[in-house]
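Structural features, examined
Take a look at the letters that make up each chain.
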Amino acid sequence: MSRDVSFFDSLGRLLSLEREAERARMEALAEGMSLQQRAEQGLSFLDLESVEEEVGLGGRVLVTLARKDRARFPARLDNGDQVAVFPRRSEIKEPARALVSRATATRVQLAFDREPPPFVHEGLLRLDRVPNDVTYERVRAGLQRVKALDKGVARRKREVLLGNEPPRFDSLREFTPTRPLNPEQHDAVSRALAAEDFFLVHGPPGTGKSTVLAEVAAQAVSRGQRLLCTAASNAAVDHLTDLCLDKGLRAIRVGHPARVTPRLQEHTLDIVVEEHPDRVLSRELFDEAFSLLGYARRQRNQGRSRERFANARSSTTEAKSLLSEARALERKALRAVLERAQVVCVTLASLESGVLSHEEFDLALLDEATQATEPLTLLGFLRAPKVILAGDPQQLPPTVLSQEAAKQGLAVSLFERLLADHGEGVKRMLREQYRMNSAIMSFPSQEMYGGELRAHPSVADRTLADVLPSTASVDAPPVLFLDTAGKGFEEEQEKDTGSLFNRGEADLVIARVKELLAAGLAPRELAVITPYRAQAHALRERVEPLSPDIEVDTVDAFQGREKDAILVSLTRSNSEGQLGFLTDLRRINVALTRARRHLFVVGDSATLSGHPFYARLIESTQEGGGYHSAWEWPDPNDSL
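Observations regarding the overall build of the protein
- Secondary structure summary: the protein contains 21 helices and 23 strands in total.
- For 640 residues, the compact-globule estimate of 2.2 N^0.38 gives 26 Å, and the C-alpha radius of gyration of the protein, at 27 Å, lies within 12% of that figure.
- In terms of overall dimensions, the protein has a C-alpha envelope of 90 × 65 × 50 Å along the principal axes.
- Buried residues in the protein amount to 53% of all 640 residues.

What follows is the structure in structure tokens.
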């Protein structure tokens, strides 16, 4: 399908709709709420005080806050959240703005671009979450830059992205893999390395997409190429960093260490650069500059004499000079560290941050490409002439709040659009999976992948019995569907959030958790997942006392993960047969493909079977001997 450059303007309009939807959601949540209610919903954080202050990269002032009573926060703040800071009791015209740079259950560190106002240090504070426009502005600017690619090679890249010109491929070159690859993986690596514009790696669950990406990285670096590894989420970028480090590559993870998994923090730019001599000197200059600014502030506050104002002005001028020199030294240190790296790993949203503004790469690997919106993904194409996009369009799509924007195409990833525009020749699908027992694999393969998946012999017959003590006696076939039809386990709606939960299903899941633990299953190899946040919360409260090592989360949070045993609560049970977003089969595909040895699904067939997919799922468990009615199942109350 051919397009003109106005397509990028259309994407910009959809991006604006999404930003407005995010703002409207936050305003709707907060409307009519008292401060206490806002705090309960995680929109405000009350009675905080400053407990620590330090200087970070770029002279940012880092202030750590905690509750006055040092208790846990009632809700979670995430790294990168934007917040407005107010005095707790007094009124001010304009709050201080900051970014959350580190958050734990009891402390939050805020990054201020400039010296925060005195009230931040002088009494109790309140934080309000505010919509994060930083990513929006970066993506909007990126769209304009892609639109402006109008000469030579850059214009050709734009025309390929628009679907007006076909992507080019060099001839395939032989290579010696660093580890054994199956034929499809080997072909995917070869074609990715031969791509001159882009290539798509389609990796269904457990098929070794990570193996392909790691091999492409190793081969590209061995050919002298500088590599960018990126994705929408920090977790995906951490995974790419792990892959590169495992291959012995010099990889630097760009991003605040608090946003990075602990095992990788020593490889973050912020940590590595601290040892550079220029950074050591810049820290000393920053400290001296802020000391002078503090002196100037005290001089102004102590009186209105001409001498004090002259002292303040002189100190401020000297401080500004020191800050300028410190920032120049810091930039020099950052460039030196980045130049030595063979691989730079960073989220898509951070690609346009100042620290990487002048960095260019020969090749970009973009993981989880089917979970990122197209405008965000396009940022990767601005940094490298060749981009390898990896993902699975049959798993979770991009998260889009605006229904209108989704309807007009924002929920379609660039991976999907490029495949539709240029055809199967730009993609390689991996078909051999190394995760699931063949019985667990069978239904998703038929429904979502045209029956093309096959189980590697090493996993095809794996069962839970293989990892349980020989004395264990538990009914644990590869797939077990527990049907609650007729039991009266109706779904309920959480008052504040509107999310759904189901007490009856939760009882059955908890009983199953106890049964599997009693049989000897390691808690770390058991997880409970559900599509609904309220059900996940209810289950987590009851599972944690049994073992803190059992993960309980939403399906969306569990993509890319796997365990020996997965328990799924589908939650929906109503007389109208309403399924809500259970009709997004990609989400359910994720739920059904996390288990290696045992998949336990609880659901109400009377509600579910009105949808052909779920009718076939239940029928497949009946044919496979894994169907049970809750009427014939032990009463969960006997084990509670």
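Anyway, onward from the coordinates.
Section: the sheet that holds strand β4 (residues 96–103)
- Taken in spatial order, the six strands close into a barrel running β1-β2-β5-β4-β3-β6, and their pairing is antiparallel. Across the sheet, the axes of successive neighbouring strands diverge by a mean angle of 50 degrees, strand direction being ignored.

Observations concerning the domain arrangement of the protein
- The domains assigned to the protein are domain 1 (32–131), domain 2 (137–250 + 356–430), domain 3 (274–339) and domain 4 (434–629).
- One C-alpha centre belongs to domain 1, the other to domain 4; they are set 39 Å apart.

Observations regarding the pairing of strand β8 (residues 227–231)
- For β8, a buried count of five out of five residues is recorded, marking the element as mostly surrounded by other parts of the structure.
- Burial along β8 is two-sided: Leu227, Cys229 and Ala231 facing one way and Leu228 and Thr230 facing the other are all buried.
- Pairing of β8 with strand β10 (residues 343–347), which is carried by five bridges, proceeds in the parallel orientation. Looking across to β10, one finds that leucine 227 is bridged to valine 343.
- The sheet contact formed by β8 and strand β11 (residues 363–366) spans four bridges and is parallel. Bridging across to β11, leucine 228 finds its partner in alanine 364.

Focus: the packing of aromatic side chains
- Using the criterion set out here, one finds eight aromatic pairs in the structure.
- Ring geometry for phenylalanine 443 versus phenylalanine 613: centroids 5.2 Å apart, planes at 65 degrees, classification edge-to-face. Residue phenylalanine 443 is located in helix α15 (residues 438–448), and its partner phenylalanine 613 is located in helix α21 (residues 612–623); the two are separated by 170 residues in the primary sequence. Across this residue pair, the class does not change: phenylalanine 443 and phenylalanine 613 are buried.
- One aromatic cluster is present, built from ring pairs that chain together Phe443, Phe613 and Tyr614.
- The ring of phenylalanine 558 carries arginine 561 above its face, with NZ or CZ at 4.8 Å from the centroid.

Observations regarding the packing of helix α19 (residues 585–592) against α21
- One can describe the packing of α19 onto α21 by two numbers: an axis separation of 12 Å at closest approach and a directional angle of 20 degrees. It follows from the interaxial angle that α19 and α21 lie roughly parallel. Crossing of α19 over α21 shows right-handed handedness. Every residue of α21 that contacts α19 at Leu585, Ile588 and Leu592 is listed here: Phe613, Tyr614 and Leu617.
- Across the contact of α19 with α21, the residue classes break down as six nonpolar, no polar and no charged.

Some remarks on the sheet that holds strand β22 (residues 595–603)
- What the six strands build is an open sheet, ordered β20-β19-β21-β22-β16-β23; its pairing is parallel. Strands at the two margins of the open sheet, each flanked by one partner only, are β20 (551–554) and β23 (627–629). Strand-to-strand twist across the sheet, computed as the mean angle between neighbouring axes with direction ignored, equals 20 degrees.
- Relative to β22, strand β21 (residues 563–569) runs parallel, the two sharing six bridges. Each residue of the ladder has a partner; that of valine 568, found in β22, is valine 601.
- Strands β19 (526–530), β21 and β22 of the sheet are contacted by α19, whose axis makes an angle of about 130 degrees with β22.

A short note on the state of the cysteines
- All told, the structure shown has zero disulfides when counted by the stated rule.
- The closest cysteine sulfur to the non-disulfide-bonded cysteine 229 is located on cysteine 244, 3.8 Å from its own sulfur.
- On the basis of relative accessible area, cysteine 229 is assigned to the buried category, the value being 0%.
- Cysteine 244 gets classed as buried once you look at its relative accessible area, which sits at 2%.

Concerning the environment of leucine 599
- The residue leucine 599 is located in strand β22 in this model.
- Leucine 599 sits in the buried class, given a relative accessible area of 3%.
- In the structure, leucine 599 is positioned 119 residues away from leucine 480 in sequence and 6.2 Å away in space, judged by C-alpha atoms.
- Not counting the four nearest positions on each side in its chain, leucine 599 is found in contact with Ile440, Pro478, Val479, Leu480, Ile566, Val568, Ala591 and Leu592.

What about the side chain of threonine 230?
- Structurally, threonine 230 is set in strand β8.
- For threonine 230, a relative accessible area of 0% translates into the label buried.
- Among the polar contacts made by the side chain of threonine 230, one reaches the main-chain carbonyl oxygen of valine 346 at a distance of 2.8 Å.
- With residues up to four places along the chain from it excluded, the contact list for threonine 230 reads Val237, Leu240, Val346, Thr347, Leu348, Leu351, Leu365, Leu366 and Asp367.

Some thoughts on helix α17 (residues 503–518)
- The end-to-end C-alpha distance of α17, which contains 16 residues, comes to 23 Å, matching closely the 22 Å that a straight helix rising 1.5 Å per residue would cover.
- Taken residue by residue, α17 has Gly504, Glu505, Ala506, Asp507, Leu508, Val509, Ile510, Ala511, Arg512, Val513 and Leu516 as its buried positions.
- Turning to α17, the residues buried within the fold contact β16 (479–483), β19, α18 (533–543), β21 and β22.
- Regarding α17, its N-cap is asparagine 502, as a side-chain oxygen of that residue lies 3.2 Å from the backbone nitrogen of glycine 504 further along.
- Where α17 terminates, the next one or two residues include glycine 520, which has phi positive at roughly 105 degrees.

Concerning the packing of helix α5 (residues 152–162) against helix α14 (residues 414–422)
- Viewed as axis vectors pointing N to C, α5 and α14 meet at an angle of 85 degrees, and their least axial separation amounts to 9 Å. By the criterion of interaxial angle, the relationship of α5 to α14 is roughly perpendicular. From α5, Val160, Leu161 and Leu162 reach across to α14, where they touch Leu414, Arg417, Leu418, Asp421 and His422.

Looking at the nonpolar core
- In this structure, Phe8, Phe198, Val254, Leu378, Phe381 and Leu389 are the most contacted members of the largest nonpolar core, which totals 48 residues.
- The residues that make up this core include at least three from each of domain 2 (137–250 + 356–430) and domain 3 (274–339).
- Excluding its chain neighbours within four sequence positions, the residues that come into contact with leucine 378 are Phe8, Leu11, Leu143, Val146, Leu161 and Leu414.

A short note on unusual backbone geometry
- A positive phi angle, close to 55 degrees, is found at aspartate 47, a residue other than glycine.
- Exposure remark for aspartate 47: the relative accessible area of 26% places this residue in the partly exposed category.
- A positive phi angle is found at glutamate 368, which is not glycine, with a value near 50 degrees.
- Along the chain, the position of glutamate 368 falls in the loop between β11 and α12 (374–381).

What counts, and where the lines are drawn
- Residues numbered from 1 in each chain as written.
- Predicted model: local features only at pLDDT ≥ 70, side-chain atom pairs only at ≥ 80, totals over all residues.
- Heavy atoms only, no water.
- Helix = DSSP H or I, 4+ residues; strand = E, 2+ residues; numbered from the N terminus.
- Rg over C-alpha atoms; globule rule 2.2 N^0.38 Å.
- Buried < 20%, exposed > 50% of the residue type's maximum accessible area, 1.4 Å probe, protein only.
- Pairing = 2+ DSSP bridges.
- Axes fitted to C-alpha atoms, helices over the stretch in contact; angles between N-to-C directions.
- Domains from an automatic or database assignment.
- Phe/Tyr/Trp six-rings, centres within 6.5 Å; stacked < 30°, edge-to-face > 60°.
- Lys NZ or Arg CZ within 6 Å of the ring centre and 35° of its normal.
- Parallel < 35°, antiparallel > 145°, perpendicular 65-115°, else oblique.
- Left-handed = near helix turned anticlockwise from the far one by under 90°.
- Contact = heavy atoms within 4.5 Å.
- Nonpolar A, V, L, I, M, F, W, Y, C, P; charged D, E, K, R; others polar.
- Disulfide = S-S within 2.5 Å.
- Polar contact = N/O pair within 3.5 Å; in protein donor to acceptor, adjacent residues only side chain to side chain.
- Expected span 1.5 Å × (residues − 1).
- Core = buried A, V, L, I, M, F, W, Y, C linked by side-chain atoms within 4.5 Å.

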